[in-house]
Protein chains: 2
Amino acid sequence: MNYLEQLNELQLKELEKQYKILSYGVDAIIPEEEFKQKIAKSIWQDQPLKVKLGLDPTAPDVHIGHTVVLNKLKQFQELGHTIQLIIGDFTGKIGDPTGKATARKALTDDEVRYNAKTYFEQFGKVIDMDAVELHYNAQWLSKVDFAEVLQLASNVTVARMLERNDFHNRYNANKPIYLHEFFYPVMQGYDSHILESDIELGGTDQEFNVLFGRQVQEQFGQEKQVVLLLPLIEGLDGVEKMSKSKNNYIGIDERPNDIFGKTMSIPDELIVKYFELASNLSIDEVTLIKEHLQKDMLHPRDAKIRLALSFVEMLYDSKTAEQSKKHFFNVFQKNQIPSDMPEVIWDKEDQIGIVDLVKYLELLPSKSEVRRMIKNGGIRINQEKVMDPAFTVSVSDGLVLQVGKRKFIKLKLASS
Amino acid sequence: MNYLEQLNELQLKELEKQYKILSYGVDAIIPEEEFKQKIAKSIWQDQPLKVKLGLDPTAPDVHIGHTVVLNKLKQFQELGHTIQLIIGDFTGKIGDPTGKATARKALTDDEVRYNAKTYFEQFGKVIDMDAVELHYNAQWLSKVDFAEVLQLASNVTVARMLERNDFHNRYNANKPIYLHEFFYPVMQGYDSHILESDIELGGTDQEFNVLFGRQVQEQFGQEKQVVLLLPLIEGLDGVEKMSKSKNNYIGIDERPNDIFGKTMSIPDELIVKYFELASNLSIDEVTLIKEHLQKDMLHPRDAKIRLALSFVEMLYDSKTAEQSKKHFFNVFQKNQIPSDMPEVIWDKEDQIGIVDLVKYLELLPSKSEVRRMIKNGGIRINQEKVMDPAFTVSVSDGLVLQVGKRKFIKLKLASS
C-alpha cells in the first residue's frame, strides 16, 4: 500500500515537515523512499514510529559526538515518535573481541546495569528518558537455541559478511576473524525483529550492522526497518573522529567551564558542522549562522561563543552557560586567576623543583613536556611566569600553580 | 603421563598387536604418536577406547565402500573397544545445503528414525550392533543456547574454515557459503566433546570435520581424540569414488548373486585395494594373495572369485557365497539361463518390436542403448541372439529375454 497516496493536503504538509527535520544532517537514509512511506504510514495510522538505537554497554562514556544521534532521537521524540533504546547486555556479557588482540573480558550483570544507568543519566541531558522504551537484549537472545541460530545463519553468506570493511581488511591482512564476530550484526538484526523497529539510527561506521536488521526482519516476514546513518564528527583536533581514547572529546558529563573552554578551542572549519550536528539549535538558526559566517558578518570566535553557550545550555541551563562564558573571559581572555579552582592538600617537602611539582600533580604527562611548557612561558606560580626549568618552588599555603591557559591548582598545606 | 613407559613386556606386545591391526589400511592417523598413547592407556587402565563414527541420516544407503570404515570398526570391536555411532539427527532436521543449489529439505523425526534403522540393519551385517553405543545428537545439540554457540564460535577463525577444500573452492568461485554451514564441523566436534571420544573415524574427505573435534575437546579442557582417516575406494568403473549417485557401487543390501557378479566386474587394478580395505580377510591372508598375484601364481580372475566369495560371506554366509559362485558360473561363464529369474506378467500386445520391449521393461535406459546392445550381440530371446533392431517379438508364455550378461526376465502371459 502506498501511504503517500492516502494523505490529505494537511497530512502531506505534516509529512514534508517531519521529513525535512528528520533527514536534516543525516549522512544517508536507506532506502530513502521507504522512509517517506514510514512517516506517511505513521501519520495516516496515527501511530508513532518505533525508532531504535542500540548501545554497547562496555563503553558508557558519552561525548558531544554522541549528541549527533541524541539530537536526532530528540527530533523524533518531539515529533511524537517512540524511542527504543537497546542495551546490548547479551553481547556485553559474552565479550566482543573485535579488533582486539585478546578477547575482551565479559561484563557481569552488575557492570552492565551500572553502565546502562550511566548512559541513561547522560542521555537524559538531551532526550526525555521518561518517554523512552528501555530494553536489554539478553531478555530474548539468551532464549534463542542452536536450531534457531542455525536458521538465522542460513540466511547469511560468508562472502556477504566479508564485505564488511573491517572484516574484509582483517581477512586480507591475515588477521584472525573469530566466527562469533559474524553474529554481532545477526544479533543486532534479531533485536530489530523482536522490537519490530521501523527505524534504526547508527553512525556511518555502523552501516553494515544496522542494515542487517532489514535482512533479519525480512527472514521473519516483517516490514523492513529504514536505516538512518549519522555522520561522525571530528574531535577538538579537527582530524580524528571524536573519541575518548583519542582524548579529543567534550564529555557530556564534564563541568560547564570545561565544556565551554574546550568548545572555544575547536578549529574554525568545524564550527558549522558542530552547529549542524551536535548543537540543538533549529535548522533556521543554524542556517543563519552559516550565512553570517560566510559573509564575514560573524567572527568565528563569536560563532564559537554561541556554540559553546548552546552546548552548556543543552547540557545544563542558560544561567550556567552565561557563567561559564564569564569564567572563560576571566581566565582565558584576561588571563586572570579564576575565582574557584581545584585545591590539592600538600604534605610533601617544602622545597621542590618546578618540573617535579608539575609532574607530581599530573598536570602534564612527562617531564620533557613540563620543560617545553616552561620554555613557552606556559607555567606560572602566583601569576609569575617561571622561566627556568631548574627553578625550585618554596611551597606556601594558597600557592597558585597555572599550567597552560586553563589548568589551575591551589596548594593547601596539610599542616595549616 | 607417558603410558608407553608404564607397560610391561606382555602389555607392550598387546600394544604392538593392536597398533598393527588398527593402523592397517588407514590413510592417516592424526597424530600418530597420540594413537599409540591412547592404546597404551587403554591397556594400562584396562578400559576400552571410545571409537566414534558420525552418520548423516539423510543418506542411509550403505555400499561396499562403507565397509572400509565398518571393517575398521569391527577390528576395534574385536579388540574389546567401544563403538559410538552418532546419528546426526539435529543436523538432519535442520537440513544441510552443502554443495546444493537450494537448501536440502529438513527431515522429520520419523524419517530420521527410519533412516537410522536402515543404517543399523545394514551395519549389522558387518559389526555387532548389540555391542554398539547408539546416540542421536539432537539430544544434546538441541539444548545448546545462543551464548554457548557464541562461545564455541569464538574458538574458530573464519580463515581456518575457509581452508576447508570445498569452502575454499566455493568462496573462490563466488558460490555462496551460508554461515550455518560453518557449524557442521563445530557440531560434529561438540559431539566428540559430549561423548568424550578417544578416536574418530572418517573418510579422507572428512578430514577437516573430524579433526575439528580435537579443537572443541581442547576448548573444554578434555583430552583430544585421535583421528583415523580411511581411504575412499573407487567404484566398479575403477575411476570415480564408489557412490550411489555414480551407479558404480555394490550395495550391502543387494542380492548375493548381484554382489558376486558385480565384484567379478571390477578392473584388475582394484583387486588388492578391495581386499585390503573392503574385505574382512586377515592381514596375513591379504598379504599372501597380494604376493601370489605379483608373482603370477594367482590369476586375477581367481583372485576376484576369492574376493566375491568373501563379500557374500561377510554380508550373508559361506553357503550363500558358494551358491552365488555357482550361479555366476552357470550364467556368465557357460552362458546358461539361470534356474530362477524375475518374472513379468505380460498383458500387452502379442507382437512387439524388440527395442520397444526392452525399453518398456526398463532393462536399458534408452532406445539407442537397446540398438547398441543388439549390435554388440548382447540381447537374446530364448538364448538366440537378436541381430536386427527391427525384429518383432511374438510373445509366448515363458519367453526368456536376456540383456547383457546378467539381466534375465521371463514373461508370463496374463491370460494363461
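Residues numbered from 1 in each chain as written. Chains lettered and ligands numbered in written order. Predicted model: local features only at pLDDT ≥ 70, side-chain atom pairs only at ≥ 80, totals over all residues. Heavy atoms only, no water.

1. A few points about the sheet that holds strand β13 (residues 407–413) of chain A
Either a parallel or an antiparallel arrangement is found when strands of a sheet pair, and the pairing is made through backbone hydrogen bonds.
Residue and element names in this part refer to chain A.
Okay, step 1: Sheet architecture is open: 5 strands sit in the order β7-β13-β12-β9-β10, paired in mixed fashion. Single-partner strands in this sheet number two, and they are β7 (343–346) and β10 (384–385).
Okay, step 2: In this sheet, β10 lies alongside strand β9 (residues 379–381) in antiparallel orientation, the contact comprising 2 bridges. Residue pairing across strands places Ile 381 opposite Glu 384, the latter belonging to β10. (Pairing = 2+ DSSP bridges. Helix = DSSP H or I, 4+ residues; strand = E, 2+ residues; numbered from the N terminus.)

2. Some thoughts on the pairing of β13(A)
All names here are of chain A.
Okay, step 1: By the bridge criterion, 4 bridges tie β7 to β13 in an arrangement that is parallel. Considered in β13, the bridge of Ile 345 is made with Lys 412.
Okay, step 2: As consecutive antiparallel partners, strand β12 (residues 399–403) and β13 are separated by 3 residues, and within that stretch Gly 404 has a phi angle of approximately 65°, a positive value.

3. Re the packing of aromatic side chains
Okay, step 1: Summed over the entire model, instances satisfying the criterion amount to 26 aromatic pairs over all chains.
Okay, step 2: Aromatic side chains A:Phe183 and B:Phe146 sit 6.0 Å apart centroid to centroid with 85° between the ring planes, which places their arrangement in the edge-to-face category. Taken together, the positions of A:Phe183 in helix α10 (residues 183–195) and B:Phe146 in helix α7 (residues 146–153) put the pair across two chains. Here the two residues A:Phe183 and B:Phe146 agree in accessibility, since each one is buried.
Okay, step 3: Aromatic pair B:Tyr119 and B:Phe123: ring centres 5.5 Å apart, planes at 70°, arrangement edge-to-face. Here B:Phe123 and B:Tyr119 lie together in helix α5 (residues 109–123), a separation of 4 residues that amounts to about one turn. Neither residue differs from the other here; B:Tyr119 and B:Phe123 are each classed as buried.
Okay, step 4: Grouped by ring-pair contacts, the aromatic residues A:Phe90, A:Phe146, A:Phe183, B:Phe90, B:Phe146 and B:Phe183 constitute a single cluster. (Phe/Tyr/Trp six-rings, centres within 6.5 Å; stacked < 30°, edge-to-face > 60°. Buried < 20%, exposed > 50% of the residue type's maximum accessible area, 1.4 Å probe, protein only.)

4. Topic: unusual backbone geometry
Okay, step 1: With omega at -15°, the peptide bond leading from A:Ile30 into A:Pro31 counts as cis.
Okay, step 2: Along the chain, A:Pro31 falls in the loop between β1 (28–30) and α2 (32–45).
Okay, step 3: Even without being a glycine, A:Gln383 presents a positive backbone phi close to 70°.
Okay, step 4: Secondary-structure assignment places A:Gln383 in the loop between β9 and β10.
Okay, step 5: Taking relative accessible area as the criterion, A:Gln383 reaches 44% and is therefore assigned partly exposed.
Okay, step 6: At B:Glu196, a position not held by glycine, the phi torsion is positive, near 50°.
Okay, step 7: Structurally, the position occupied by B:Glu196 is in the loop between α10 (183–195) and β5 (199–203).

5. Side note on the pattern of salt bridges
Residue and element names in this part refer to chain A.
Okay, step 1: Scanning the entire structure with this criterion turns up 49 salt bridges over all chains.
Okay, step 2: One salt bridge connects Asp 198 with Lys 38, and the closest N-O pair in it is separated by 3.3 Å. Linking Asp 198 in the loop between α10 and β5 (199–203) with Lys 38 in helix α2, this pair joins segments that are 160 residues apart in sequence. This pair shows no difference in class: Asp 198 is buried, exactly as Lys 38 is.
Okay, step 3: Shared partners join several salt bridges into a network, and the residues in it are Lys 38, Lys 41, Asp 198 and Glu 223. (Salt bridge = Lys/Arg side-chain N within 4 Å of Asp/Glu carboxyl O.)

6. Let's talk about the environment of B:Ile352
Residue and element names in this part refer to chain B.
Okay, step 1: Position of Ile 352 relative to the elements: it lies in strand β8 (residues 351–353).
Okay, step 2: The buried category is assigned to Ile 352, whose relative accessible area is 11%.
Okay, step 3: Once the C-alpha coordinates of Ile 352 and Tyr 114 are considered, the two residues, 238 residues apart in sequence, prove to be 42 Å apart.
Okay, step 4: Aside from chain neighbours lying at most four places away, what touches Ile 352 is Trp 346, Leu 357, Phe 391, Thr 392, Val 393 and Val 395. (Contact = heavy atoms within 4.5 Å.)

7. Quick notes on the sheet that holds strand β12 (residues 399–403) of chain B
Okay, step 1: Strand order in the open sheet made by the 5 strands is β7-β13-β12-β9-β10 (chain B), with mixed pairing throughout. With partners counted over all chains shown, the strands left at the sheet margins are β7 (343–346) and β10 (384–385) of chain B, one partner each.

8. Points about the domain arrangement of chain A
All names here are of chain A.
Okay, step 1: Domain boundaries in chain A define domain 1 (3–230), domain 2 (254–333) and domain 3 (343–413).
Okay, step 2: Summarising the inter-unit geometry, the C-alpha centres of domain 1 and domain 2 are found 30 Å apart.
Okay, step 3: Listed by partner, the interface residues are 11 residues for domain 1 and 11 residues for domain 2.
Okay, step 4: For the pair domain 1 and domain 2, the summed buried surface comes to about 1100 Å²; carbon and sulfur atoms form 64% of the total.
Okay, step 5: Three residues stand out in domain 1 for area buried against domain 2, namely Tyr 24, Ile 64 and Lys 125, and they jointly supply 54% of the buried area on that side.
Okay, step 6: Linking domain 1 with domain 2 are 0 salt bridges, by the criterion used here. (Domains from an automatic or database assignment. Buried area = accessible area lost by both parts, 1.4 Å probe.)

9. Structural notes on the relation of the copies chain B and chain A
Okay, step 1: Structural alignment of chain B on chain A gives an RMSD of 0.2 Å, achieved by rotating through 179° and translating 0.0 Å along the axis. On the angle and the small slide along the axis, the relation comes out as a two-fold axis. The C-alpha atom lying nearest the rotation axis in chain B is that of B:Asp145; the distance is 2.3 Å.
Okay, step 2: A share of 100% of the interface residues of chain B reappears at the interface of chain A, consistent with the copies meeting face to face through the same patch. (Least-squares fit on C-alpha atoms with pLDDT ≥ 70 in both.)

10. Some details on the interface of chain B and chain A
Okay, step 1: Across the contact, 26 residues belong to chain B and 26 residues belong to chain A.
Okay, step 2: Buried area between chain B and chain A, both sides added, is near 2700 Å², and the carbon and sulfur share of it is 83%.
Okay, step 3: Here chain B is connected to chain A by 0 salt bridges.
Okay, step 4: Taken together, the links from chain B to chain A amount to 8 residue pairs in polar contact (both at pLDDT 80 or more).
Okay, step 5: Secondary-structure elements contributing two or more residues to the side of chain B that touches chain A are α4 (89–94), α7, α8 (158–162) and α10 of chain B.
Okay, step 6: Considering every element that reaches the side of chain B that touches chain A, the biggest residue donor is α7(B), with 5 residues.
Okay, step 7: Along the lines of polarity and charge, the residues of the side of chain B that touches chain A split into 21 nonpolar, 4 polar and 1 charged. (Polar contact = N/O pair within 3.5 Å; in protein donor to acceptor, adjacent residues only side chain to side chain. Nonpolar A, V, L, I, M, F, W, Y, C, P; charged D, E, K, R; others polar.)

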